[in-house]
Amino acid sequence: MAQAEGGFLKLKPHIFTLTTPQVNGGANLSIKMSWSQKILYENGDFSLNIPFTFPEFVVPAGKKYLKKEKIHLNVNSGIGTEVLSKRISHPLKELRGGQVGKLGFVYGADVLTWSNTDFSFSYVVSSSHIHGAVLVQSPPMHDVDQREIFSVYLLPGNQKNRKVFRKDVAFVVDISGSMKGKPLDDTKSVLSAALSKLDPEDSFCIIAFNGQTFVSSTSMKSATKEAVEKAIEWIGINLIAGGDTDILTPLNQAIEMLSNTRDSIPIIFLVTDGAVEDERHICDVMKKRLTEAGSIAPRICTFGIGSFCNHYFLWMLAMIGRGHYDAAYDVDFVESRMQNLFIRASSLILTNITLETLDDLDEVEVFPSHIPDLSSESPLTVSGRFRGSFPNTLKAKGLSPDMSSIVIDLKLQDAKDIPLDMVCAKGQIELLTAQAWLADNKQLEDKVAKLSIQSHVVSEYTRMIIVDKEQSGPQEAPKKSRIKMKDSESQRPILLPSLSIGFGNLVATSENIPPGSEEPKQPEAAEIFARAASNCCGSMCTHCCCMGCIKCFSRINPQCANVFAQLCTGLACAGCLKCCSLCCRGCGDGGS
C-alpha cells in the first residue's frame, strides 16, 4: 500500500479511502456521497445516466428483508420552451402541475433484491433552430461576491442535416517519448478517423512535434479521398514517440499555414501530455498573433493527456483562441474523449458570438471572457456577475456558415428554483484559476479560494481538512489550508490529500515519464472500489468536480476495511446527485 499524508491511501488521482475509528456492534452505518456531472448531449437529446446497480455483496448474508429504493428527478431546462421526456429506465411517475420547460418525476419501491439496472433518462427541448435564454439571480446572503449572477444558454436545436462551417484544420500532435504506447496509439486512431470525416471542401495538415517538427505537407491539402489516405499512411510511418517537447514552434507553424484562410474557420487542434517552461510566453505570443488575424483568427482547441501537462495552460490557450478544451486524466479514456472533442470542435454553426446590452451594466465580468463558437453537437453556456438592472431581452449576435449575421433574442427566465451560484461555480473556478496562473496574480488566487470554500468545489488554492473534536491537544491548522478553523484549541485538523490537478510537471515531462505511471499499486479490496468508481466517472462525466473525485467517509474499524470498499462499490449511487449543466437536477438514493 502506498501511504499518503494524513493516513490516506491514494489509489488513483481521483479516489481515496480512509480507515476510521471503531463503532459499536449493531450500530447503523450511513454513507452519503454527492457529485456533479455534465449532462450528455447528442443529436438534440439531453441524457442523464446514474449508476443504480446494487451487487448482492452489499447486503449482509442471512435473512432476507425489504430494502428501499427511491428516485426523485426534477428537470428545469431553463429555456421556457416545451420539454419532452424520451427514454426512462425505471417506472417513474410524472408529477402533475408542472410548468412549461419543467418536468418532475418520482419513483419508490420496497424490494427484496437491489436494482440491477442503472438509471437513465433523456429528454429533448422542442426546437429545430438555435435558441436560448438568460437566467438572472441575486447572490446568496453570505456570497463573497455580492454582484448579481447571470447565465446565458445557447442551444443548437435539433435540426437534421444542418449546414456547418467549412474548416481548415491543423492537427498539432505531441510525439515526445512520454506519448509512447496507448496515448499515441489512441491519438493516431482518432486522428485517422477525424481525417476520414472531413468533407472534400475542407483542408488539413498534420504537424507532429517533439524537440523538432514533422509536417505531412508544406501547405494545407484539400480533404479528398486520396489526400486523406496518404495522410493516414504518413501517420503510421512518422508518428513515432521519442524526444523532448517544444510546443511554441509547431503552434507558430500552424498559424502560418492557416494564414490564407478565406470563407472558412481555421482550427488548430493541439494534443499533448507534457508541460513546458515557456507556457506563459506561448499564451502571450498566441494572443498577439490571433489579435492580428482579426475575425477569422484560428480557433485553438486543446486536449491534455494525464496529469503531467499543465491543464490550466491548455485551458487558457483554448479560451484565448475561442476554442474548446478537454482532457483524459486516465489513459483509458483518451480515444473516446478526444474523439468527442474533435466532433464538437468541427461542427460549428455560429461563430464570432457577442452578447449585446451587457456593456450597459456595471462591473460586468463574463466567463469565459472570449466567447467560444456554438457547435451543433454541444450547447454553449456563458455566465458572469454584474451590477445594475438586467434587460428583459438579451441579444446574441453571430456569423452563420453562409457568412450572414444572425441575431437571437434571449428572454429572461425564472431561476428561483435553480441554485445558479452553484451551477456556475465550477466553471468559474477553473477559468479564474487559469487567469490567476497566467498573470501570477495573488488577488485572483484569493478570489478562487473564497469561491471554492463557499461552493465546496475543490480548487488549486484550497485543501480539505477533517477535524475530530474528541481529540485533545492544540494543533495549528496547516498553513496551506485557507479554511479558517473555529475553536482550534479543541480540534485536531487532518489535512487531506490534494484533489486538485496542479500546474504540470516539468521534471516528468523532461524525463519522458508516461502518463499514469505515477499511480501506486492498488491492494485487492481497494482495487474493486477503484475499478468500479473509475468506470462510473469516466463513462459519465466530461470531467467531474474534483477531477471526478468520489469522497467516501464513514466510521468503521480496521477489520471492516474490505467490507467498506465493497459497500462503497455497491452504493456508488446511494447519495445525492446534483446535475448542474443546463439546470437539470436529479437525486437518487437507496439504503438499507
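The shown structure was predicted, so the numbers you read here are calculated from the model rather than taken from an experiment.

Peer 1: What is the right way to read the packing of helix α1 (residues 182–197) against helix α2 (residues 225–238) from this model?
Peer 2: What describes two packed helices is the angle between their axes and the distance between those same axes. Their axes nearest at 10 Å, the elements α1 and α2 cross at an angle of 170°. One way to sum up the angle between α1 and α2 is to call them roughly antiparallel. Listed contacts from α2 to K188, L191, S192, L195 and S196 of α1 are V228, A231, I232, I235 and G236. Across the contact of α1 with α2, the residue classes break down as six nonpolar, three polar and one charged.

Peer 1: Can you walk me through the packing of aromatic side chains in this structure?
Peer 2: The way to describe two aromatic rings as a pair is by their centre distance and the angle between their planes. In this structure the tally under the stated criterion is 15 aromatic pairs. Judged by centre distance (5.9 Å) and plane angle (35°), the ring pair of F150 and F390 falls under tilted. One end of the pair, F150, is in strand β12 (residues 148–155); the other, F390, is in the loop between β23 (380–387) and β24 (393–399), with 240 residues separating them in the sequence. Since its relative accessible area comes to 10%, F390 is described here as buried. Three or more aromatic residues joined by ring pairs make a cluster, and in this case those are Y41, F46, F105, F121 and Y123.

Peer 1: Sorry if this is basic, but what is going on with the sheet that holds β23 here?
Peer 2: Neighbouring strands of a sheet are bound in pairs by backbone hydrogen bonds; such pairs are parallel or else antiparallel. Reading across the sheet, the eight strands line up as β21-β23-β12-β11-β25-β24-β20-β22 and stay open at both edges, with mixed pairing between neighbours. Every interior strand has two partners, whereas the edge strands, β21 (362–367) and β22 (374–375), have only one. Summarising the sheet, strand β20 (residues 348–356) and β22 pair through two bridges and their orientation is antiparallel. Bridge assignment links L348 to a residue of β22, and that residue is S375. Strands in contact with helix α7 (residues 420–439) are β11 (131–137), β12, β21 and β23; relative to β12, the strand with the most contacts, it is inclined by about 85°.

Rules of the game
- Residues numbered from 1 in each chain as written.
- Predicted model: local features only at pLDDT ≥ 70, side-chain atom pairs only at ≥ 80, totals over all residues.
- Heavy atoms only, no water.
- Axes fitted to C-alpha atoms, helices over the stretch in contact; angles between N-to-C directions.
- Helix = DSSP H or I, 4+ residues; strand = E, 2+ residues; numbered from the N terminus.
- Parallel < 35°, antiparallel > 145°, perpendicular 65-115°, else oblique.
- Contact = heavy atoms within 4.5 Å.
- Nonpolar A, V, L, I, M, F, W, Y, C, P; charged D, E, K, R; others polar.
- Phe/Tyr/Trp six-rings, centres within 6.5 Å; stacked < 30°, edge-to-face > 60°.
- Buried < 20%, exposed > 50% of the residue type's maximum accessible area, 1.4 Å probe, protein only.
- Pairing = 2+ DSSP bridges.

Function-wise, these values are silent; they only describe arrangement.
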